[in-house]
Amino acid sequence: MSWRQWGALRSGGFGKRLFLGIVIAVSFFFLQRSLINVADVYGYSLPLINALPAVLLLAIGSWYYHRHA
């Protein structure tokens, strides 16, 4: 990973990156909780549904990394 990808530390973009990280984390939490509740109601496999948000986040992250690297 290059420093150019994230910018210099004093470029002023830290607040934007921090906000984006918090939004992603909160979205991940709510997506996982809602999928678990839906899976419980409809009788889907809970281990599979519990792993789905992590796999989705990993896929999006690796797609983004390969696109910008």
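Residues numbered from 1 in each chain as written. Predicted model: local features only at pLDDT ≥ 70, side-chain atom pairs only at ≥ 80, totals over all residues. Heavy atoms only, no water.

S.K.: Teacher, can you tell me more about the overall build of the protein here?
M.R.: The helix and strand inventory of the protein stands at three helices and zero strands. For the protein, the sequential pattern of α-helices and β-strands runs α-α-α. Burial analysis of the protein (69 residues in total) assigns 9% to the buried set. Just so you have it, the protein exposes about 6000 Å², and 71% of that area is on carbon and sulfur atoms. (Helix = DSSP H or I, 4+ residues; strand = E, 2+ residues; numbered from the N terminus. Buried < 20%, exposed > 50% of the residue type's maximum accessible area, 1.4 Å probe, protein only. Areas by Shrake-Rupley, 256 points an atom, 1.4 Å probe, with all protein chains shown as cover.)

S.K.: Where do I start with the environment of Leu-48 in this structure?
M.R.: Relative to the helices and strands, Leu-48 is located in helix α3 (residues 46-68). Owing to a relative accessible area of 58%, Leu-48 belongs among the exposed residues under this scheme. Sequence spacing of Leu-48 and Ile-36 is 12 residues, and the spatial spacing of their C-alpha atoms is 9.7 Å.

S.K.: Please clarify how helix α2 (residues 14-42) should be interpreted in this entry.
M.R.: Each full turn of the α-helix corresponds to 3.6 residues, which orients residues three or four apart in the same direction. In this model, α2 (29 residues) spans 42 Å end to end at C-alpha, consistent with the 42 Å of a helix rising 1.5 Å per residue. Its buried side turned inward, α2 meets α3. Directly beyond the C-terminal end of α2, a positive phi value near 80° is found at Gly-43. (Expected span 1.5 Å × (residues − 1). Contact = heavy atoms within 4.5 Å.)

S.K.: How should α3 be read in this particular structure?
M.R.: In a regular helix each residue adds 1.5 Å, so 23 residues correspond to 33 Å; α3 covers 34 Å between its end C-alpha atoms and thus fits that length. The largest bend along α3 reaches roughly 30° and is located at Leu-52, with the proline Pro-53 sitting one to four residues downstream. (Bend = angle between axes of the 7 residues up to and from the residue.)

S.K.: Teacher, can you tell me more about the environment of Phe-28 here?
M.R.: Secondary-structure assignment places Phe-28 in helix α2. Note on Phe-28: relative accessible area 24%, which makes it partly exposed. Counting along the chain gives 25 residues from Phe-28 to Pro-53, while the straight-line C-alpha distance between them is 6.7 Å. In this view, Phe-28 contacts Pro-53, Ala-54 and Leu-57; residues no more than four positions away in its chain are not counted.

S.K.: Would you take a moment to explain the packing of α2 against α3 for this structure?
M.R.: Interhelical geometry of α2 versus α3 gives an angle of 155° and a closest axis separation of 9 Å. In terms of orientation, α2 and α3 fall into the roughly antiparallel class. Of the two possible hands of crossing, α2 and α3 adopt the one that is right-handed. When α2 is examined against α3, the residues Ile-24, Phe-28, Leu-31, Gln-32, Leu-35, Ile-36, Ala-39 and Asp-40 are found in contact with a partner set consisting of Leu-46, Ile-49, Asn-50, Leu-52, Pro-53, Ala-54, Leu-56 and Leu-57. (Axes fitted to C-alpha atoms, helices over the stretch in contact; angles between N-to-C directions. Parallel < 35°, antiparallel > 145°, perpendicular 65-115°, else oblique. Left-handed = near helix turned anticlockwise from the far one by under 90°.)

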